[in-house]
Amino acid sequence: MKKNILAIIPARGGSKGIPKKNLKILAGKPLIYYTIQAARESKYINSIVVSTDDEDIFHISESFDVEVIKRPENLSRDDSPTIDVIFHVLEQSKIRVHKPNIVVLLQPTSPLRTSSDIDAAIELFLQRDCDSVVSVVQNVHPPHWNLVLEEKYLKPLLGEQFFTKRRQELPETYLPNGAIFIAETKTLKMYRSFYCPKTIPFIMSIEKSVDIDSLFDLFIAEEIIKKGDETYKDNKN
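These remarks concern the structure in this document. (Residues numbered from 1 in each chain as written. Predicted model: local features only at pLDDT ≥ 70, side-chain atom pairs only at ≥ 80, totals over all residues. Heavy atoms only, no water.)

Here we look at helix α2 (residues 55-63)
Each α-helix turn comprises 3.6 residues. Residues three or four places apart therefore point the same way.
No. 1: Looking only at α2, the buried set comprises I57, F58 and S61. Along the long axis of α2, the arc covered by the buried residues comes to 105°, so they all point the same way.
No. 2: The backbone nitrogen of D56 has a side-chain oxygen 3.0 Å away, supplied by the residue at the start of α2, namely D54.
No. 3: D65 sits one or two residues past α2 and shows a positive phi near 65°. (Buried < 20%, exposed > 50% of the residue type's maximum accessible area, 1.4 Å probe, protein only. Helix = DSSP H or I, 4+ residues; strand = E, 2+ residues; numbered from the N terminus. Arc of directions from axis to C-beta. Polar contact = N/O pair within 3.5 Å; in protein donor to acceptor, adjacent residues only side chain to side chain.)

What follows is the structure, encoded as structure tokens:
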């Protein structure tokens, strides 16, 4: 059966860390441009939808020749679950007619994720026995070395038995980088999450895993772009 793959880009207007974050200029273009362009250059994605509550994001996204759906206020709060945003998109009449088999969630805060990354993750999803694929980056600093404050004193989060071990003695751990999430629509309806019993990782480099949450993150991404890093070139014109 031919797969109909829909990319959903959630881009609300509100942001506590950086106001109007999705429209912040990065290397001469609004942040959301990089995700839209990567999705457009994918050889597998059939359609792209931006979901937003913001008029400026709506019009700028439309100017990049993708479909934009206005998100209701109750799905635009800080605590609004992303899965509900996905279902809102899937319930739109135009999307129902197309009946996508697979949803690829692409957050606009990952500007260095390329079309090649998206296609490789989709291929992994199609070829492996899995419920979903989630992009991750390997932890540079093992979480076993994390500390917490207990009554003003530092204590190992996971106990002394891990805290005193060398990196080589600890298991490799991975952190979701927010760049790519893939699952079939029926799986999302069943689990209401991309984290399912059979979720497999799409491992990405530290450079491509830059997630824009602060002005410092924007600075790092801009420096990578300016240097013409190989991790970025797929997104260039």
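Further notes follow.
Points about the nonpolar core
No. 1: Ranked by internal contacts, the top residues of the largest apolar core, which has 45 residues, are I45, L106, V133, I180 and I182.
No. 2: For L106, the contacting residues outside a window of four places in its chain are A7, I8, I9, P10, T35, A39, I45, R113, I118, A179 and I180.
No. 3: I69, I83, L105 and V134 belong to the second-largest nonpolar core, a separate cluster that totals 18 residues. (Core = buried A, V, L, I, M, F, W, Y, C linked by side-chain atoms within 4.5 Å. Contact = heavy atoms within 4.5 Å.)

Thoughts on the layout of surface pockets
No. 1: Counted as a void, the largest pocket has a volume near 490 Å³.
No. 2: Split by residue class, the lining of the largest pocket holds 6 nonpolar, 7 polar and 7 charged.
No. 3: Around the second largest pocket sit 14 residues that line it, and V137, L175, I206, S209 and V210 are the ones nearest its centre.
No. 4: Put simply, the parts of the chain that give the lining of the second largest pocket at least two residues each are β7 (132-138), β10 (174-184) and α8 (215-226).
No. 5: Here the lining of the second largest pocket gets 3 residues from one element, more than from any other, and that element is β10. (1 Å grid on protein atoms, 1.4 Å probe; cavity = no way out; pocket = protein on both sides within 12 Å on 5 of 7 lines; lining within 4 Å. Points joined across faces, edges and corners; volume = space filled by probe spheres on them. Nonpolar A, V, L, I, M, F, W, Y, C, P; charged D, E, K, R; others polar.)

Notes on the packing of aromatic side chains
No. 1: With the rule as written, the count across this model stands at 5 aromatic pairs.
No. 2: Consider the rings of Y33 and Y34, whose centres lie 5.3 Å apart with planes at 80°: the pair is edge-to-face.
No. 3: Under the relative-accessibility criterion, Y33 is labelled buried at 7%.
No. 4: Residue Y34 is classed as buried on the basis of its relative accessible area of 1%.
No. 5: Ring geometry for F181 versus Y195: centroids 6.5 Å apart, planes at 75°, classification edge-to-face. Linking F181 in strand β10 with Y195 in the loop between α7 (185-191) and β11 (199-204), this pair joins segments that are 14 residues apart in sequence. (Phe/Tyr/Trp six-rings, centres within 6.5 Å; stacked < 30°, edge-to-face > 60°.)

Points about the sheet that holds β10
No. 1: Ordered by their spatial adjacency, 7 strands build an open sheet running β5-β4-β1-β6-β10-β7-β11, and the pairing between neighbours is mixed. Where the open sheet ends on each side, the last strands, each with one partner, are β5 (67-70) and β11. The mean angle between the axes of side-by-side strands here comes to 25°, regardless of whether they run parallel or antiparallel.
No. 2: Judged from the 4 bridges that link them, strand β4 (residues 47-52) and β5 form a sheet pairing that is parallel. Note on β5: the bridge partner recorded for V49 is E67.
No. 3: Strands β1 (5-10) and β4 of the sheet are contacted by helix α1 (residues 31-40), whose axis makes an angle of about 160° with β4. (Pairing = 2+ DSSP bridges. Axes fitted to C-alpha atoms, helices over the stretch in contact; angles between N-to-C directions.)

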